[in-house]
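# Tertiary structure, described
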Amino acid sequence: MAALAPPSAVAATRTPSSSRRRRTSRLRASSSSSEERVVLEMPADSDRRRRSIAASSSPSRRDFLLASAPAAASLLLPARPARADDLFCGYYAENQSVTPQWAFKTPWSEGFVDVSNATKIPDAKTFLRVLGSQAAASEANHLPVLCLHGGPGLGFKYMEACEVLASERREVASYDQIGCARSALKPRLSDGAVRAPPPPGTFTPELFDAELTAIREAAGLDRVHIVAHGWGAMLALDHALGPGGGGKGVASVTLISAPPSYKRLIEDRVASLSAPGFRQDYAEVLMEGDAGAGGGSALSDAGRALYDKAMAAWIDARVSARAAGACYEGLRVGGAGEGFGALRNTPASDVGVRSSSAVWKDMAGGKMFAVDGALSDWDADANGRLASAAESGVRAVKVYRGENDALSRDAAMEVVDGLARGVMDKSGVAFEEVEGAGSCVHLDRSAFFLDGVNAFISAHDA
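A few points on the structure. Since the structure is predicted, the reported quantities are computational estimates derived from the model, not experimental observations. (Residues numbered from 1 in each chain as written. Predicted model: local features only at pLDDT ≥ 70, side-chain atom pairs only at ≥ 80, totals over all residues. Heavy atoms only, no water.)

### Looking at helix α7 (residues 205-219)
- Over its 15 residues, α7 extends 21 Å from the first C-alpha to the last, a length consistent with the 21 Å expected when each residue adds 1.5 Å.
- Within α7, twelve of the 15 residues are buried, which leaves it mostly tucked inside the rest of the structure.
- Within the sequence span of α7, burial applies to Pro205, Leu207, Phe208, Asp209, Glu211, Leu212, Thr213, Ala214, Ile215, Arg216, Ala218 and Ala219.
- Downstream of α7 by one or two residues, Gly220 has phi in the positive range, about 70°. (Helix = DSSP H or I, 4+ residues; strand = E, 2+ residues; numbered from the N terminus. Expected span 1.5 Å × (residues − 1). Buried < 20%, exposed > 50% of the residue type's maximum accessible area, 1.4 Å probe, protein only.)

Structure below.
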């Protein structure tokens, strides 16, 4: 594990191959919680709802969701029984461990936050989930973790293993970005009117930053650690270092596969197609597939079939070798809204596909290997902001890169070096390259990654 170092001597480590063997994780071995699951049914009227909150003996973020209705939260989903094979995307099964009792007893809440004002999208509701006891976390002086998924166009489901961090008496909050997965834009508004398709250009980095600020306000996440992957890492930097000030209260940031710019990310993706061992016909069809509307839409039926095989092979080699597993099915271009990236074994719906595709189209032009969309000019160090991390209140940043990631080591180090220019806290900024992992380090090396994150954020709770 990398030892965090001051900016003058950034820790850049590589996980030795000997550490790739399975081992007992500190997180897996943690003791179970004695607290029972908190289940608050949605009352029939607001008075009964307020009395339900007042009567709750164990405060949780569910209280924030309820208390903020109708201005912010609009609905709580009914509790569902925990299943060992579905918890945390199979984290415990993957790491050859029995699912501990805390996983079944830890309180959790789910609901929708109305982000219409923040996003300027009518009747826009973002799915939010919080796992863990706020009371237990406060007693332990542990700040909550807020997870930001990648894409654009995916949902949080593929990052669900990060909820294992709740085993350490900590809250873990996650949400599906608006338009994605369980936050898909429905075809009808709440008043029954038909929703007009969002006009081109609706989804932008600025919109998702505004949504994130609204989510934190609704859930009372005033001070947090952020763990983010891919596009989510880009959003984390926008949020924590942006001029709007919405990112105040971010204690630390863990970035997985964070590019220095979108243009550099695309350059590295294209370069990865020429790597030894990757079929030339696969490389050619992936580049051809970005023509026109992207996503292979301009290809013939035969070309599209080859494109799908090529994309699956590229994802397996560069994104995650576990992307074909039951919980990660559909971790691919654009996600699939209600289905892949949302609920396990739930077929993708037409509504979900249309909604997430609109996000993917606006943000990336629907393309993987060409610069297009609202992200075209995105730059991690815009106006030299990386050096201002400490001024923004961020005390420490850790950057992870999987050795098989299409994003090159040199590109990842540009982000690290930019952060190191600033005068951060004593712990500074650290970089770790992880063997046996693609872009999704949290999937390919989940136990190793979560042990490291737990140690990192625990050092910065104060």
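### Focus on the nonpolar core
- If you look at the biggest cluster of nonpolar residues, it comprises 106 residues, and the most contacted ones within it are Leu148, Phe203, Phe208, Leu255, Leu286, Trp314 and Phe449.
- Filtering out sequence-adjacent residues up to four positions away, Leu255 remains in contact with Ala228, Ala233, Ala236, Leu237, Val397, Lys398, Val399, Tyr400 and Val415. (Core = buried A, V, L, I, M, F, W, Y, C linked by side-chain atoms within 4.5 Å. Contact = heavy atoms within 4.5 Å.)

### Let's talk about the packing of aromatic side chains
- The tally for this structure, following the rule as stated, stands at six aromatic pairs.
- Here the aromatic rings of Phe112 and Phe127 are separated by 5.5 Å at their centres, their planes lie at 70°, and the arrangement is edge-to-face. Here the residue Phe112 occupies a position in strand β3 (residues 108-114), and Phe127 occupies one in strand β4 (residues 125-131), the gap between them amounting to 15 residues.
- For Phe112, a relative accessible area of 15% translates into the label buried.
- Lying across the ring of Tyr282, Arg279 places its NZ or CZ 4.0 Å from the centre.
- For the cation-ring pair, Arg445 lies above Phe448, with the distance from its terminal atom to the ring centre recorded as 4.9 Å. (Phe/Tyr/Trp six-rings, centres within 6.5 Å; stacked < 30°, edge-to-face > 60°. Lys NZ or Arg CZ within 6 Å of the ring centre and 35° of its normal.)

### Here's the deal with the packing of helix α10 (residues 280-289) against helix α11 (residues 301-319)
- At their nearest, the axes of α10 and α11 sit 9 Å apart, and the two run at 110° to each other. With respect to their mutual orientation, α10 and α11 come out roughly perpendicular. Contact with α10, carried on its side by Asp281, Tyr282, Val285, Leu286 and Gly289, involves Gly303, Leu306, Tyr307, Lys309, Ala310, Met311, Ala313 and Trp314 of α11 and no other residues of that element. (Axes fitted to C-alpha atoms, helices over the stretch in contact; angles between N-to-C directions. Parallel < 35°, antiparallel > 145°, perpendicular 65-115°, else oblique.)

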